[in-house]
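# What the coordinates show
These are the residues of each chain, in order.
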Amino acid sequence: MKLDSRDLVDIIKNPVVTEKATRLMELNQYTFDVDPRATKPMIKEVIEQLFEVKVTGINTLNLPRKKRRVGKFIGFKPRYKRAIVTLEDGEPIRKILFPDL
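What counts, and where the lines are drawn
Residues numbered from 1 in each chain as written. Predicted model: local features only at pLDDT ≥ 70, side-chain atom pairs only at ≥ 80, totals over all residues. Heavy atoms only, no water. Helix = DSSP H or I, 4+ residues; strand = E, 2+ residues; numbered from the N terminus. Contact = heavy atoms within 4.5 Å. Buried < 20%, exposed > 50% of the residue type's maximum accessible area, 1.4 Å probe, protein only. Phe/Tyr/Trp six-rings, centres within 6.5 Å; stacked < 30°, edge-to-face > 60°. Salt bridge = Lys/Arg side-chain N within 4 Å of Asp/Glu carboxyl O. Pairing = 2+ DSSP bridges. Polar contact = N/O pair within 3.5 Å; in protein donor to acceptor, adjacent residues only side chain to side chain.

### Things to note about the overall build of the protein chain
- In terms of regular secondary structure, the protein chain is built from four helices and six strands.
- Secondary structure elements in the protein chain, listed N-terminal to C-terminal, are α-β-α-β-α-β-β-β-β-α.
- Counting only contacts in the protein chain whose residues sit at least 6 apart along the sequence, the fraction spanning at least 24 positions is 61%.

Printed below as a string of structure tokens:
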């Protein structure tokens with residue numbers, strides 16, 4: 001499966017920078033918010049093409065919708081999916097995502 005380079009931007013939304021995600025970086029695991037329709041093979045190919053690294057595993061989470069209220073109107077925040085990507089040892093992408101580290 002070969003993805004067009006224009007589609008790569010649409011699959012990976014942004015990297016997640018939380019305390020847990022930072023701890024996982026020490027274990028060579030990186031966390032991203034991705035499109036909810038993205039599958040594990042698609043995410044693996046996108047990460048390997050964008051960052052030129054070898055992916056060994058991917059775990060995905062479909063997070064629950066969060067309710068938001070504006071006055072008397074009740075709605076929901078947009079859905080998103082989170083992917084935890086495990087890389088081979090010795091292949092960090094930290095310098096690409098976080099140049100200050």
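Additional details are given in the paragraphs that follow.
### Quick look at unusual backbone geometry
- Within the chain, N28 stands out as a residue other than glycine whose phi angle is a positive 65°.
- Tracing the chain through its elements places N28 in the loop between α2 (19–26) and β2 (29–34).
- Owing to a relative accessible area of 11%, N28 belongs among the buried residues under this scheme.
- Its identity is not glycine, yet E52 carries a phi of approximately 55°, on the positive side.
- Looking at the secondary structure, you find E52 in the loop between α3 (40–51) and β3 (55–62).
- Since its relative accessible area comes to 72%, E52 is described here as exposed.

### A look at the packing of aromatic side chains
- Across all of its chains, the model carries one aromatic pair by this definition.
- Relative to F51, the ring of F32 lies with its centre 6.1 Å away and its plane at 20°, an arrangement referred to as stacked. Of this pair, F32 sits in strand β2 while F51 sits in helix α3; the two residues are 19 residues apart in sequence, bridging distant segments of the chain. An identical accessibility class is assigned to F32 and F51; each is buried.

### A look at the pattern of salt bridges
- Taken as a whole and judged by the stated rule, the model has two salt bridges.
- Of the charged contacts, one joins D33 and R82 as a salt bridge, the two residues approaching to 3.1 Å between their closest N and O atoms. Here the residue D33 occupies a position in strand β2, and R82 occupies one in strand β6 (residues 81–87), the gap between them amounting to 49 residues.
- Take D33: its relative accessible area is 12%, and that puts it in the buried class.
- In this structure, R37 engages D35 in a salt bridge whose closest nitrogen and oxygen atoms are separated by 3.0 Å.

### Thoughts on the pairing of strand β4 (residues 67–70)
- Taken together, the four bridges between β4 and strand β5 (residues 73–76) define a ladder with antiparallel strand orientation. Along β5, the bridge assignment pairs V70 with F73.

### Things to note about the side chain of T86
- Inspection of the secondary structure assignment puts T86 in strand β6.
- Separated by 3.2 Å, the side chains of T86 and Q29 make a polar contact.
- Apart from residues lying up to four places away in sequence, T86 is in contact with N28, Q29, V55, T56 and G57.

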